[in-house]
Amino acid sequence: MTSKSRLQALDDLLLSLPDDDGMLIAEFDGFCAGLIVCPEMVSPSEWLECVWGPSGTSPFETESALQDALDLVMGHYNAVAQSLVPPETDYGPVFDQDMRTGDTLWEIWVMGFEQAMRLRMDAWERIVESPDEEAAASVNMVLALYDIAKGKSDLPKKSADDLSDRHRTLSQTSSLR
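A brief structural summary. Model, not experiment: these values are computed from the prediction. (Residues numbered from 1 in each chain as written. Predicted model: local features only at pLDDT ≥ 70, side-chain atom pairs only at ≥ 80, totals over all residues. Heavy atoms only, no water.)

1. Some details on the packing of helix α3 (residues 44-52) against helix α4 (residues 63-83)
- At a minimum axis separation of 12 Å, α3 and α4 run at an interaxial angle of 105°. Between α3 and α4, the angle is such that the two are roughly perpendicular. Listed contacts from α4 to Pro44, Trp47, Leu48, Val51 and Trp52 of α3 are Leu66, Ala69, Leu70, Val73, Met74 and Tyr77.
- Split into classes, the residues belonging to the contact of α3 with α4 amount to 11 nonpolar, no polar and no charged. (Axes fitted to C-alpha atoms, helices over the stretch in contact; angles between N-to-C directions. Helix = DSSP H or I, 4+ residues; strand = E, 2+ residues; numbered from the N terminus. Parallel < 35°, antiparallel > 145°, perpendicular 65-115°, else oblique. Contact = heavy atoms within 4.5 Å. Nonpolar A, V, L, I, M, F, W, Y, C, P; charged D, E, K, R; others polar.)

See below:
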């Protein structure tokens, strides 16, 4: 199975979950990235609940269906992890596109990343408060983008629009899978 067909199978799986609040593929990709770069380990037994939706329980009726789903989910998680391992990081986020305008919808990815951050907020807060200014700025940027995506930014509208446009432009140069 090619990486494109595995990604499509994962997308189909996520869309087939019974709960309307399950993750979209771009959201899950951001979620995986957030889990992997998190300063503290989050075990799959904890984060899988987020993937299955608000009920937090596996929606699969058979052990075989659950295993197939886990293979797809963990396969993508592992692929993201491998692509983020230094020194040759080649991670390309999975973004959705607006079919009407062709715009890259980076917001969904950022929402997934932020959801992963919520699992270990204390660890991310320690980064923000640390002397590593670059790391702190990166965390704050993700949070600012999340606020923009949710329409709750404290930034002046022009600044939020500029940041959103800049991120959209950067997103378009990333690998769209």
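2. Description of the environment of arginine 6
- With respect to the helices and strands, the residue arginine 6 is situated in helix α1 (residues 3-16).
- Taking the relative accessible area as the measure of exposure, arginine 6 reaches 42% and is therefore partly exposed.
- If we ignore the near neighbours within four places in the chain, the residues touching arginine 6 are Met1 and Leu72. (Buried < 20%, exposed > 50% of the residue type's maximum accessible area, 1.4 Å probe, protein only.)

3. Some words on the nonpolar core
- Phe28, Phe31, Trp47, Val51, Trp52 and Val73 are the most contacted members of the largest nonpolar core, which has 40 residues in total.
- Residue assignment for this core shows that the elements contributing at least two residues are α1, α2 (25-37), α3, α4, α5 (106-118), α6 (121-128) and α7 (133-150).
- Contacts of valine 73, omitting those with residues within four sequence positions, involve Leu10, Leu13, Phe28, Trp47, Leu48, Val51 and Trp52. (Core = buried A, V, L, I, M, F, W, Y, C linked by side-chain atoms within 4.5 Å.)

4. Remarks on α3
- Every buried residue of α3 is accounted for by Trp47, Leu48, Cys50, Val51 and Trp52.
- Looking at the buried residues of α3, the elements they touch are α1, α2, α4 and α5.

5. Quick look at the pattern of salt bridges
- In total, this model carries five salt bridges according to the counting rule given.
- As a salt-bridge pair, glutamate 40 and arginine 126 come within 2.3 Å of each other at their nearest N and O atoms. One end of the pair, glutamate 40, is in the loop between α2 and α3; the other, arginine 126, is in helix α6, and 86 residues separate them in sequence.
- Arginine 100 is the salt-bridge partner of aspartate 98, the closest N and O atoms lying 3.1 Å from each other.
- Given a relative accessible area of 74%, arginine 100 falls into the exposed group. (Salt bridge = Lys/Arg side-chain N within 4 Å of Asp/Glu carboxyl O.)

Spatial relationships are all this shows, so hold off on functional conclusions.
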